[in-house]
Amino acid sequence: MESLKTNLFWKSKRRLLVLIFFIFLYPQSKRPYEWIEFVDVWWTEGCDRPGLAGYDCNHNNKKELVMHYVGIENVYTKIFENIENTNYIVKFIDTFRYFTGAIGDTDTDSLTDMCTKLVFDSIYIQESPSYDSFPTQIVWIDNPPRPIIQVSAVIADLDKDNRKEIWIDNDSYIRGYENIDNNQFVIIFNQSQITMGDGIAFGDFDLDNKMEFVVSMYNTIRVFECTGDNSFELVFMDTIPVGSSIERISANDMDGDGKPEFIIGGSAIDMNFTKYFVFETTGDNQYEITYTFTFNIAGFFFYSADVGDLDNDGKEEIVLSPGGRSGVYIYKAIGNNSYVQVGYIPSDFVEVAVLCYDFDQDGYDEIVFSQEDPWSTPPRYETRIYKNARAIAKEKRLEHPSDFAFWIENTFTKDNVEINYSLPLRTKVKISVFDENGRFIRKLTDEQKSAGYYRVRWDLKDENGKKVHAGNYFIQFKTDEYKEVKKVAVID
């Protein structure tokens, strides 16, 4: 599986060139904030768009990745459980209904509820039959206006009456259902022609102790405020300079000014750009754009975004996927309404839906890439999980190594390469560098080592002490029992 993941990740030279080009234009020495390197830690076939979430369905203190599945025949919903650090196993498969993104305990009976749908048909609540099981039983059905095409849903309690609500975004209308009894729901909000795309942003954005939700359609955004029990009022409306806006997410004060943010993503096909607008309050029911991220690519309906604490510093970073094979960009606030790029992960897929969630519960949110390219030949659908390389290194040093491991934190560099490895027993270690034509460049290690964790640096020089040219190089880690090769890119 490791070799399959490596081959799939590196098979596109175009993706590699994009990343080298980006780093060349934005060298590490000029970055005002610490750059975050990410490691590809897990891969599976199939992908998701509207339904992607993390949860502990069976209450065993192990988080699961819950996915609406596309690209695998007769698999519509799949749940993978994190069993240790970067290892995930399949725990549940539904071959009939699609996951919508809403999962939790909606009726406070300590059983997990999952909102699913049928294409062009009904909305379902599936519930776990017991505390330690997965949501397999259908306990509630509704037939909202059709067609039910791309549905995303979330669970909230906007009127703070301790009765959970399920909010459905069906690409044209918003419908809110409130729980009134065990597995019983009533409609409390139903309005059409106010939304398109995926997701609803929720929060007390103007800090008046009343919850709001934000939707958008074409270039118009709308903020609804909860004014009482099951009562909602349109309190703010504005336009943004895009043709379509399908992405809405909430953030918890990324820049530390005491104001939570909501982010609207939109694109303009005729002007060839995708923008993400950060909004903050200026007063009661009043908002303004405080920052705009711009990408010179028209993402159309293939862009995505999320926020998460990727470096375990207690502050959220924003993860932006503008689509069009452009990769995924990570930004961090460095002051009031000021952001700087701190990471980049390449992707040659047309669409990459992203989710930030701490599956292994180590304080570092992982980034889920659920990516698709339906127009390639053959069509491609896959999901990957990326993690901060520093978190990987930290996890590997927590205990005596039980297996061989070999990892590199900075695979794109102009200064040096930091090579890490672990040995479960005493053995001879040989680490060598080769160029992309297989020619020997440098021997870094060739000696007996005891069991433990080790680090060695390559200063980008060959055997004669001369610095190598920019290009692709391969670092081979070899013992009598184990062998692995990693690819690095040296830039000018």
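Residues numbered from 1 in each chain as written. Predicted model: local features only at pLDDT ≥ 70, side-chain atom pairs only at ≥ 80, totals over all residues. Heavy atoms only, no water.

Chemist: Give me the lowdown on the layout of surface pockets, citing residues and values where you can.
Modeler: As a volume, the second largest pocket reaches approximately 1000 Å³. Surrounding the second largest pocket, 35 residues form its lining, Leu52, Gly101, Val154, Asp306 and Leu355 being those nearest its centre. Elements supplying a minimum of two residues to the lining of the second largest pocket: strand 2 (52–55), strand 6 (98–104), strand 10 (152–156), strand 14 (201–203), strand 18 (244–251), strand 22 (304–308) and strand 26 (351–357). Partitioned by chemical class, the residues of the lining of the second largest pocket number 20 nonpolar, eight polar and seven charged. (1 Å grid on protein atoms, 1.4 Å probe; cavity = no way out; pocket = protein on both sides within 12 Å on 5 of 7 lines; lining within 4 Å. Points joined across faces, edges and corners; volume = space filled by probe spheres on them. Helix = DSSP H or I, 4+ residues; strand = E, 2+ residues; numbered from the N terminus. Nonpolar A, V, L, I, M, F, W, Y, C, P; charged D, E, K, R; others polar.)

Chemist: So what's going on with the environment of Val340? Which residues, and what values?
Modeler: Topologically, Val340 is positioned in strand 25 (residues 338–345). Between the C-alpha atom of Val340 and that of Ile330, which follows or precedes it by ten residues, the distance is 8.6 Å.

Chemist: Now, about the pairing of strand 12 (residues 173–181): what can you tell me, with residues and values included?
Modeler: The element strand 12 is largely enclosed, with a buried count of seven among its nine residues. Bridge analysis of strand 11 (residues 165–169) against strand 12 gives five bridges, and the strand direction is antiparallel. Bridged to Ile166 within strand 12 is Tyr177. Between the antiparallel neighbours strand 11 and strand 12 lie three residues, among them Asp171 with a positive phi of about 70°. Pairing of strand 12 with strand 13 (residues 184–192), which is carried by eight bridges, proceeds in the antiparallel orientation. (Buried < 20%, exposed > 50% of the residue type's maximum accessible area, 1.4 Å probe, protein only. Pairing = 2+ DSSP bridges.)

Chemist: I'd like to hear about the pairing of strand 26, residue by residue, with values.
Modeler: One face of the sheet, then the other: side chains in a regular strand alternate in exactly this way. With six of seven residues buried, strand 26 is to be regarded as a mostly interior element. Pairing between strand 26 and strand 27 (residues 366–373): seven bridges, direction antiparallel. For Glu351, the partnering residue across the bridge sits in strand 27 and is Glu372.

Chemist: How would you sum up the sheet that holds strand 8 (residues 123–127)? Please name residues and give values.
Modeler: The four strands are arranged 6-7-8-9 in an open sheet whose pairing can be described as antiparallel. Of all strands in the sheet, those with a lone pairing partner are strand 6 and strand 9 (137–142), marking the two edges. Neighbour to neighbour, the strand axes of the sheet diverge by 25° on average, direction disregarded. In terms of strand pairing, strand 8 meets strand 9 through five bridges, oriented antiparallel. Opposite Ile125, over in strand 9, you have Trp140 as the bridge partner. (Axes fitted to C-alpha atoms, helices over the stretch in contact; angles between N-to-C directions.)

Chemist: Go over the packing of aromatic side chains, please, and point to the residues and values.
Modeler: Two descriptors summarise a pair of aromatic rings, namely the distance from one centre to the other and the angle between the planes of the rings. Evaluation of the coordinates by the stated rule reveals 37 aromatic pairs. Aromatic pair Phe189 and Phe232: ring centres 5.9 Å apart, planes at 85°, arrangement edge-to-face. Pair noted here: Phe189 is in strand 13 and Phe232 is in strand 17 (residues 231–239), with a separation of 43 residues, a long-range link. The residues Phe189 and Phe232 share a single accessibility class, namely buried. Centroid distance Phe293 to Tyr339: 5.4 Å. Interplanar angle 65°. Geometry classified as edge-to-face. Placement of the pair is Phe293 in strand 21 (residues 286–295) and Tyr339 in strand 25, with a sequence separation of 46 residues. (Phe/Tyr/Trp six-rings, centres within 6.5 Å; stacked < 30°, edge-to-face > 60°.)

Chemist: Describe the confidence of the model for the chain, naming the residues involved and giving the relevant values.
Modeler: Averaged over every residue, the pLDDT of the chain is 86; residues scoring 70 or more account for 88%. Low pLDDT, under 50, characterises residues 1–31; the predicted model gives this stretch 56 contacts beyond four residues in sequence or across chains. (pLDDT = per-residue confidence, 0-100. Contact = heavy atoms within 4.5 Å.)

Chemist: Pulling in residues and values, what's your account of the sheet that holds strand 33 (residues 440–449)?
Modeler: On the basis of which strands lie adjacent, the open sheet formed by five strands has the order 30-36-35-32-33 and mixed pairing. Either end of the sheet is taken by a strand with one partner, and the two such strands are strand 30 (412–413) and strand 33. Here two bridges tie strand 30 to strand 36 (residues 483–490), and the two strands are oriented parallel to one another. Following the sheet pairing, Phe412 is matched in strand 36 by Ala489.

Chemist: Would you mind going over unusual backbone geometry in detail, with residue names and values included?
Modeler: In this model, Thr377 is joined to Pro378 through a cis peptide bond whose omega is -5°. Within the secondary structure, Pro378 is located in the loop between strand 27 and strand 28 (380–388). Despite not being glycine, Lys160 shows a phi value in the positive range, around 55°. Examined against the element boundaries, Lys160 turns out to sit in the loop between strand 10 and strand 11. Classification of Lys160 as partly exposed rests on a relative accessible area of 44%. Positive phi outside glycine occurs at Asp253, with the angle close to 60°. The topology assignment puts Asp253 in the loop between strand 18 and strand 19 (261–268).

Chemist: Give a description of the nonpolar core that names residues and reports values.
Modeler: Grouped together as the largest cluster of nonpolar side chains are 23 residues, with contacts concentrated most on Ile263, Tyr276, Phe293, Phe295, Ile318 and Leu320. Elements that contribute at least two residues to this core include exactly strand 18, strand 20 (273–283), strand 21, strand 22, strand 23 (317–321), strand 24 (328–335) and strand 25. In this structure, Phe295 is in contact with Asn272, Phe273, Thr274, Tyr276, Leu320, Pro322, Tyr329 and Tyr331, ignoring residues within four places of it in sequence. (Core = buried A, V, L, I, M, F, W, Y, C linked by side-chain atoms within 4.5 Å.)

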